[in-house]
Amino acid sequence: MLSRSSFTSLVVGVFAVYVAHTCWVMYGIVYTRPCLATAAAGAAGGCVWPYLARRPKLQLSVYTTTRSSIGAENNIDLVLNVEDFDIESKFERTVNVSVPKKTRNNGTLYAYIFLHHAGILPWHDGKQVHIVSPLTTYMVPKPEEINLLTGESATQQIEAEKHTNALDEPISHWRSRLTLNVMVEDFVFDGSSLPADVHRYMKMVQLGKTVHYLPILFIDQLSNRVKDLMVINRSTTELPLTVSYDKISLGKLRFWIHMQDAVYSLQQFGFSEKDADEVKGIFVDTNLYFLALTFFVAAFHLLFDFLAFKNDISFWKKKRSMIGMSTKAVLWRCFSTVVIFLFLLDEQTSLLVLIPAGIGALIEVWKVKKALKMTIKWQGLRPKFQFGTYNDSEKKTEEYDAQAMKYLSYLLYPLCIGGAGYSLLNVKYKSWYSWLINSFVNGVYAFGFLFMLPQLFVNYKMKSVAHLPWKAFTYKALSCG
């Protein structure tokens, strides 16, 4: 059986291997080995050449349709046409899109983006490339917040619109942004080892003796954020769509493809649109170099968090006496973590945040059971709780603990009750339960630091801190740093 030090060394070793492997994978994504054959030997060497190197005159066309596939120009609407499209020039344009009746009735609308030769319709151009993206997605609308005392709503809505959809039924939302990219590097690929991620976006043509790949058109789905979504009402006939374009390098294109695949995988495993949006924000709102630094910091944060959990659990697992330990502080930490978990649950926070918070709450509940020396015996389906006895030293600790809590209550209770009353009068909530949880969590965040005082008071009276879990504290301090 591994000792604690051996287990910690094993965890650190696995962590180092994980970081090294991740760096190697990221290098493989960002760096692509080019084909070194000359143009004359292109066919024989198996190289795939960029069609954009011929500098063709291109045109960008964006159409909308309710169908997921089109064969010609029937039943489609042209919403944007950029003649003399310059792949090197960044632009952003906002257009009004007609919303068909089918889409207003909780249907879907698709955008077809074509990159083709100027002056030729896309379906008449054999060298056109296109990509499809839904302009709608399905989400449960956020419940309306009201003043619980007056019943005044935060937004004035038509009564008929309120009852169109049940609050727990997903309805169609409008994606107000469409972000396009074209890979602009004149990169020569090795046809025998094409990267699988880019390959699915490539369209090949044979020109003479050489094989060329047409412009790689890409839709940045990571830029589709929940904050940009708009509910589609039945009375809406037009909605704004912001189309933005920027060139992209091969390395960033491959990285973005992998990140989009990762987000899609999360959704396939049951993560909601809001959960996926939390992950998107990590990549979209952060510079790539800073993102790499954030990855390393987050990795070390995860390591120290794990070691803190491990040492905290080991400490309490061996704990047989509460001498010098503030039971009130343990109860408060349990209450705080459970309240924060319920608050995150009420706010429908991402599972990426909710799951660790839930695990932390369970650990704190277990620590309370240890601190109170509680045992649970089942009599059929009914639990029976039994509490252990305290020795003289533990009773002395409890006296100091109760004394500190008495002084603290004179300050804490009036502040929490006053804050809850103020929020009830001035802040709008979804329900009374939401107000109660928000009041508790505001008290936790605002005055949580005060609950360190009982433990400090016990330490002062007993003139000792040897009973505290210093290893766990150290790892938590490193994690916070």
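What counts and how
Residues numbered from 1 in each chain as written. Predicted model: local features only at pLDDT ≥ 70, side-chain atom pairs only at ≥ 80, totals over all residues. Heavy atoms only, no water. Helix = DSSP H or I, 4+ residues; strand = E, 2+ residues; numbered from the N terminus. Buried < 20%, exposed > 50% of the residue type's maximum accessible area, 1.4 Å probe, protein only. Lys, Arg positive; Asp, Glu negative; His and termini not counted. Salt bridge = Lys/Arg side-chain N within 4 Å of Asp/Glu carboxyl O. Contact = heavy atoms within 4.5 Å. Core = buried A, V, L, I, M, F, W, Y, C linked by side-chain atoms within 4.5 Å. Pairing = 2+ DSSP bridges. Patch = residues over 30% accessible without salt bridge, like charges linked within 9 Å, V, L, I, M, F, W, Y side chains within 5 Å. Areas by Shrake-Rupley, 256 points an atom, 1.4 Å probe, with all protein chains shown as cover. Expected span 1.5 Å × (residues − 1). Bend = angle between axes of the 7 residues up to and from the residue. Polar contact = N/O pair within 3.5 Å; in protein donor to acceptor, adjacent residues only side chain to side chain. Axes fitted to C-alpha atoms, helices over the stretch in contact; angles between N-to-C directions. Parallel < 35°, antiparallel > 145°, perpendicular 65-115°, else oblique. Left-handed = near helix turned anticlockwise from the far one by under 90°. Nonpolar A, V, L, I, M, F, W, Y, C, P; charged D, E, K, R; others polar. Phe/Tyr/Trp six-rings, centres within 6.5 Å; stacked < 30°, edge-to-face > 60°. Lys NZ or Arg CZ within 6 Å of the ring centre and 35° of its normal. pLDDT = per-residue confidence, 0-100.

**Description of the side chain of Asp220**
Here is step 1: With respect to the element layout, Asp220 can be found in the loop between β13 (217–219) and β14 (229–231).
Here is step 2: One buried charged side chain, Asp220, makes no salt bridge at all; its nearest oppositely charged neighbour is Lys252, positioned 6.6 Å away.
Here is step 3: Setting aside its immediate chain neighbours within four residues, Asp220 contacts Thr179, Asn181, Trp256 and Gln260.

**A short note on the nonpolar core**
Note on soluble globular proteins: their nonpolar side chains tend to be buried together.
Here is step 1: Phe85, Ile113 and Leu178 are the most contacted members of the largest nonpolar core, which has 36 residues in total.
Here is step 2: Sequence-distant contacts of Ile113, defined by excluding residues within four places in its chain, comprise Leu60, Ser61, Val62, Val129, His130, Ile131, Leu178, Leu180, Leu217 and Ile219.

**Some points on the environment of Pro170**
Here is step 1: With respect to the element layout, Pro170 can be found in the loop between α4 (159–162) and β8 (171–175).
Here is step 2: Judged by its relative accessible area of 40%, Pro170 falls in the partly exposed class.
Here is step 3: For the pair Pro170 and Pro141, spaced 29 residues apart in the sequence, the C-alpha separation amounts to 7.0 Å.
Here is step 4: Ignoring anything within four residues of it in the chain, the contact list for Pro170 reads Asn106, Tyr138, Met139 and Val140.

**Some remarks on the sheet that holds strand β11 (residues 204–207)**
Here is step 1: Taken in spatial order, the 4 strands make up an open sheet running β10-β1-β12-β11, and their pairing is mixed. The strands lining the two open edges of the sheet, one partner per strand, are β10 (189–190) and β11.
Here is step 2: Note that β11 and strand β12 (residues 210–213) share 4 bridges and pair antiparallel. Counted as the bridge partner of Leu207 is Thr210 from β12.

**Structural notes on a nonpolar patch on the surface**
Here is step 1: On the surface, a nonpolar cluster with roughly 480 Å² of combined accessible area is contributed by Trp24, Val25, Tyr27 and Tyr31.
Here is step 2: Looking at the element boundaries, Tyr27 is found in helix α1 (residues 4–30).
Here is step 3: By relative accessible area, Tyr27 is classed as partly exposed at 48%.

**Concerning helix α11 (residues 392–426)**
Here is step 1: Over its 35 residues, α11 runs 50 Å from end to end, which matches the ideal 51 Å to within 8%, given 1.5 Å per residue.
Here is step 2: Taking the largest bend as the criterion, α11 deviates by roughly 40°, centred on Ser409.

**Things to note about the side chain of Arg254**
Here is step 1: Of note, Arg254 is situated in helix α6 (residues 250–268).
Here is step 2: Among the residues examined, Arg254 registers a relative accessible area of 9% and is labelled buried.
Here is step 3: In terms of polar contacts, Arg254 uses its side chain to reach the side chain of Asp197, at 3.0 Å.
Here is step 4: Once you skip the residues sitting within four places of it in the chain, Arg254 turns out to touch Gly28, Ile29, Tyr31, Thr32, Pro195, Asp197 and Val198.

**Focus: the sheet that holds strand β5 (residues 110–117)**
Here is step 1: If you walk across this open sheet you meet the 4 strands as β3-β2-β5-β6, and the pairing is antiparallel. The sheet terminates laterally at β3 (77–85) and β6 (129–134), the two strands that pair on one side only. Strand-to-strand twist across the sheet, computed as the mean angle between neighbouring axes with direction ignored, equals 15°.
Here is step 2: Pairing geometry for strand β2 (residues 58–65) and β3, over 6 bridges, is antiparallel.

**What to know about the packing of α6 against helix α7 (residues 273–284)**
Here is step 1: Running from N to C, α6 and α7 cross one another at 160°; their axes reach a closest spacing of 9 Å. Comparing their axes, α7 and α6 come out roughly antiparallel. In the crossing of α6 with α7, the sense of the turn from one axis to the other is right-handed. Listed contacts from α7 to Phe255, Trp256, Met259, Val263, Leu266 and Gln267 of α6 are Glu273, Ala276, Val279, Lys280 and Phe283.
Here is step 2: Partitioning the contact of α6 with α7 into residue classes produces 8 nonpolar, 1 polar and 2 charged.

**Quick word on unusual backbone geometry**
Here is step 1: In this model, Asp84 sits at a positive phi of 50°, which is unusual for a non-glycine residue.
Here is step 2: If you check the backbone angles, Asn106 has positive phi at about 65° while not being a glycine.
Here is step 3: Secondary-structure assignment places Asn106 in the loop between α3 (101–104) and β5.

**Structural notes on the packing of aromatic side chains**
Given two aromatic rings, one states the distance between the centres and the angle between the planes to describe the pair.
Here is step 1: Applying the stated rule across the entire model yields 14 aromatic pairs.
Here is step 2: Consider the rings of Tyr63 and Trp123, whose centres lie 5.4 Å apart with planes at 50°: the pair is tilted. In this pair, Tyr63 sits in strand β2 while Trp123 sits in the loop between β5 and β6, placing the two residues 60 residues apart along the sequence.
Here is step 3: Linked through ring pairs, Tyr63, Tyr112, Phe114 and Trp123 together constitute an aromatic cluster.
Here is step 4: In this structure, Arg93 is placed above the aromatic ring of Phe91, and the distance from its NZ or CZ to the ring centre is 5.2 Å.

**Some words on the pattern of salt bridges**
Here is step 1: Inspection of every chain in the model, using the stated rule, returns 8 salt bridges.
Here is step 2: Between Glu92 and Arg177 there is a salt bridge, with its nearest N and O atoms 3.1 Å apart. Residue Glu92 is located in strand β4 (residues 91–98), and its partner Arg177 is located in strand β9 (residues 177–183); the two are separated by 85 residues in the primary sequence.

**What about the confidence of the model for the chain?**
A low pLDDT score tells you not to read the predicted coordinates there in detail.
Here is step 1: Here the chain shows a mean pLDDT of 79. Residues at 70 or above account for 82%.
Here is step 2: Segment residues 38–44 is flagged for pLDDT under 50; beyond a separation of four residues in sequence, or across chains, it makes 7 contacts in the model.
Here is step 3: In this model residues 154–167 is a low-confidence stretch, pLDDT under 50, and it forms 15 contacts with partners more than four residues away in sequence or in other chains.

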